[in-house]
Amino acid sequence: MQILLLLLAAAGLCWGQYNPNTVPKRTSIVHLFEWRWQDIAEECERYLAPNGFGGVQVSPPNENIVITNPNRPWWERYQPISYKICTRSGNEEQFKDMVKRCNNVGVRIYVDAVVNHMCGAAGGSGTHSTCGSHFNAGNRDFPAVPYSGWDFNDGKCHTGSGEIERYDDIYQVRDCRLSGLLDLALEKDYVRSKVAEYMNHLIDIGVAGFRIDAAKHMWPGDIRAFLDKLHDLNTQWFSAGTKPFIYQEVIDLGGEPIKGSEYFGNGRVTEFKYGAKLGTVLRKWNGEKMAYLKNWGEGWGFVPSDRALVFVDNHDNQRGHGAGGSSILTFWDARLYKMAVGFMLAHPYGLTRVMSSYRWPRNFQNGKDVNDWVGPPSNSDGSTKAVTINPDTTCGNDWVCEHRWRQIRNMVIFRNVVDGEPFSNWWDNGSNQVAFGRGNKGFIIFNNDNWNMNVNVQTGLPAGTYCDVISGQKENNKCTGKQVFVSGDGKANFQINTDAEDPFIAIHVDAKL
Ligand code: QV4
Ligand code: CA
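Here's a quick rundown of the structure. (Residues numbered from 1 in each chain as written. Chains lettered and ligands numbered in written order. Predicted model: local features only at pLDDT ≥ 70, side-chain atom pairs only at ≥ 80, totals over all residues. Heavy atoms only, no water.)

The next thing to look at is the coordination of the calcium ion (ligand 2). Here the calcium ion (ligand 2) is held by Asn116 (OD1), Arg174 (O), Asp183 (OD), Asp183 (OD) and His217 (O), and the distances to it run 2.3 to 2.5 Å. Read in sequence order, the donor residues for the calcium ion (ligand 2) give the motif N-x57-R-x8-D-x33-H. In this pair, Asn116 sits in the loop between β6 (108-113) and β7 (117-120) while His217 sits in the loop between β11 (209-212) and α6 (220-227), placing the two residues 101 residues apart along the sequence. By the burial criterion, Asn116 is buried, and His217 matches it. (Donors = N, O, S within 2.8 Å, 3.2 Å for Na, K, Ca; no water. Helix = DSSP H or I, 4+ residues; strand = E, 2+ residues; numbered from the N terminus. Buried < 20%, exposed > 50% of the residue type's maximum accessible area, 1.4 Å probe, protein only.)

What follows covers the packing of aromatic side chains. If you walk through the whole model with that rule in mind, you get 37 aromatic pairs. Geometrically, the ring pair formed by Trp296 and Phe343 is edge-to-face, given 6.2 Å between the ring centres and 80° between the ring planes. One end of the pair, Trp296, is in the loop between α7 (272-282) and β14 (308-310); the other, Phe343, is in helix α8 (residues 334-346), with 47 residues separating them in the sequence. The exposure classification of Trp296 matches that of Phe343, with both residues buried. Pairing Trp332 with Trp360 gives two aromatic rings, centres 5.4 Å apart and planes at 85°, and the pair type is edge-to-face. One end of the pair, Trp332, is in the loop between β14 and α8; the other, Trp360, is in the loop between β15 (351-356) and β16 (364-365), with 28 residues separating them in the sequence. Ring-pair connections join several aromatic residues into one group, and the members of that group are Tyr274, Trp296, Trp300, Phe302, Phe343, Tyr349, Phe423, Trp426, Phe436, Phe446 and Phe504. Just above the ring of Trp219 sits the side chain of Arg174; from NZ or CZ to the centre is 4.6 Å. (Phe/Tyr/Trp six-rings, centres within 6.5 Å; stacked < 30°, edge-to-face > 60°. Lys NZ or Arg CZ within 6 Å of the ring centre and 35° of its normal.)

Neighbouring ligand 1 are 22 residues; Trp75, Glu163, His217, Asp316 and His321 lie closest to it. The side chain of Asp316 places a nitrogen or oxygen atom 2.4 Å from an oxygen atom of ligand 1. One of the side-chain N or O atoms of His321 is found 2.7 Å from an oxygen atom in ligand 1. Grouping the amino acids of the shell around ligand 1 by side-chain chemistry returns nine nonpolar, eight polar and five charged. (Near = heavy atom within 4 Å. Polar contact = N/O pair within 3.5 Å; in protein donor to acceptor, adjacent residues only side chain to side chain. Nonpolar A, V, L, I, M, F, W, Y, C, P; charged D, E, K, R; others polar.)

Attention now moves to helix α9 (residues 406-417). Over its 12 residues, α9 extends 16 Å from the first C-alpha to the last, a length consistent with the 16 Å expected when each residue adds 1.5 Å. For α9, the tally of buried residues reaches 10 of 12 residues, placing the bulk of the element in the interior. (Expected span 1.5 Å × (residues − 1).)

Here the focus is the state of the cysteines. This structure, assessed with the given rule, holds five disulfides. One disulfide in the model links Cys467 with Cys479; its S-S distance is 2.0 Å. Given an S-S torsion of about -80°, the disulfide between Cys467 and Cys479 has left-handed geometry. Of this pair, Cys467 sits in strand β22 (residues 464-467) while Cys479 sits in strand β24 (residues 478-479), and the two are 12 residues apart along the sequence. What makes Cys467 buried here is its relative accessible area of 0%. Relative accessible area serves as the criterion here: at 15%, Cys479 is assigned to the buried category. The cystine pairing of the chain, numbering bonded cysteines in sequence order, is 1-3, 2-4, 5-6, 7-8, 9-10. Here Cys119 is not disulfide-linked; the sulfur of Cys131 is the nearest cysteine sulfur, at 15 Å. (Disulfide = S-S within 2.5 Å.)

The periodicity of an α-helix, 3.6 residues per turn, causes residues three or four places apart in sequence to face the same way. Within α6, six of the eight residues are buried, which leaves the element mostly enclosed by the surrounding structure. Listed in full, the buried residues belonging to α6 are Pro220, Asp222, Ile223, Ala225, Phe226 and Leu227. Each element contacted by the buried residues of α6 is listed here: α4 (170-175), α5 (189-205), β11 and β12 (245-248). (Contact = heavy atoms within 4.5 Å.)

Right, let's get into the sheet that holds strand β3 (residues 62-64). Spatial strand order, β3-β4-β5: three strands in an open sheet with antiparallel pairing. Edge positions in the open sheet fall to β3 and β5 (90-91), since each of these has one partner strand only. Sheet topology note: the β3/strand β4 (residues 80-87) ladder contains two bridges and is antiparallel. Bridge pairing in β4 links Asn64 to Pro80. Here α5 sits on the sheet in contact with β3 and β4, set at roughly 10° to β4. (Pairing = 2+ DSSP bridges. Axes fitted to C-alpha atoms, helices over the stretch in contact; angles between N-to-C directions.)

A few words on the side chain of Glu271. Relative to the elements of secondary structure, Glu271 occurs in the loop between β13 (268-270) and α7. This buried residue, Glu271, is left without a salt bridge; Lys273 holds the nearest opposite charge, at 4.9 Å. Within polar-contact distance, the side chain of Glu271 engages the backbone nitrogen of Lys273 at 3.0 Å. Discounting chain neighbours no more than four positions away, the residues touching Glu271 are Asp252, Phe302, Val303, Ala308, Leu309, Val310, Phe311 and Tyr349. (Lys, Arg positive; Asp, Glu negative; His and termini not counted. Salt bridge = Lys/Arg side-chain N within 4 Å of Asp/Glu carboxyl O.)

Structure, rendered in structure tokens:
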């Protein structure tokens, strides 16, 4: 095996960067957006490990600008000031404690690496930063890194504004400022080395990989260059020679010259078509219907499954930023959202990421949410509120905790149980009643039509009585929700009325009485 790894590594095919480095049979990651490190550490121990989550994507841990107008927007964390581990989520000691405690229970940490840029050109000068580091955006001066004017792309960008003005020009997309953010000169070895130094610091602490923010705005070769400088993962938790998992944020809905496939050499890419299309199908827009999901995955023009990071919504498009548009389903659309997440977690395509959000006071004016900037639940001093857990296991303090919703948590477990099993026994009614199995381990069925469903279908499962893990689960060898009887020939009867709380049923062999 070692020889094979060496050969693969030598051939530059070090496959490690496509592999999330999760412990076996943990197949999903969760984005605990804006959570504090101490809350994530606790969640790893009390919830994520016991329920089979593979890892956590955390918000950018490096020092960012402090913006007071609007008041502490969530997106200030996408405006770096330095690579010090120091934000509203916590300091370096708290970050280290989180990584250790999560790794010790087999839950990995993936860092959102914002390395294409620093703060906005209009960020001003002073110490309005989360660690008090001085900077001067006007002079491109970031002494806490250090970066100076030499380390930015100003001279390389040929648009009048210095910003990206058109996405059909691959040069300005990479070498000009995204929304006015000072664009780093990643063709310089010095800049590549500073980025790698930051990422290596995190790798040595014990993280398992990285989301590469705004990857579309960096040349694939420049990303490759700093990735090649990265250490192998910390052998306290990973076998020697393990590469960091890499997934790159490349928004490619088609129609632009820049494609996700350009970035495959570095790692996986975010497949934004996934959430946009699934939302359209479940909303039955544009004549879409669930029967068309029979060839879901590469059949819909998505990137290959082993290069895809998939999600129903993300922190941008759940609030109208980034890409996906109005079809994106979020926790605000709870009933359809659970169906979408359930479908995603049951289907074999891609590496799945579950979103975990906070509520904010949406305020639509002329179709736009004027409060899309509102940051995490916070105290009067601006500090982020703790995640409190209610007696019914939901979260308080306006943390939504979608990952704790029974239907979603149980489907994370479903995905683990069926891992490696083929997509099988597809059935549909030609409209919005569909079903499919995963080998002989699991089966799911949906009724998204506006009439009741009562059908007998082939599940592929061994005979027996199964607990539906959507309306309940198996507890003390009893079903707390619906039961499904699979007969000797693998067939079962499913009845789903349109007024069901959740119009879908899922069963698997670990939920069998
Ligand atoms: C504005 C004007 C600029 C002007 C500037 C002056 O747009 O023209 O020059 O003021 O300072 C915030 C503000 C934005 C402001 C910018 C710079 O919203 O109005 O520019 O700061 O001051 C997040 C938010 C952005 C936010 C940014 C930085 O979504 O609104 O900008 O953080 O704080 C594309 C990319 C994709 C990107 C997506 C949002 O291809 O990579 O847009 N997604 C990622 C992250 C996202 C983040 C960034 C990239 C930037 O997921 O959360 O943007 O790191 O599709
Ligand atoms: Ca760039």
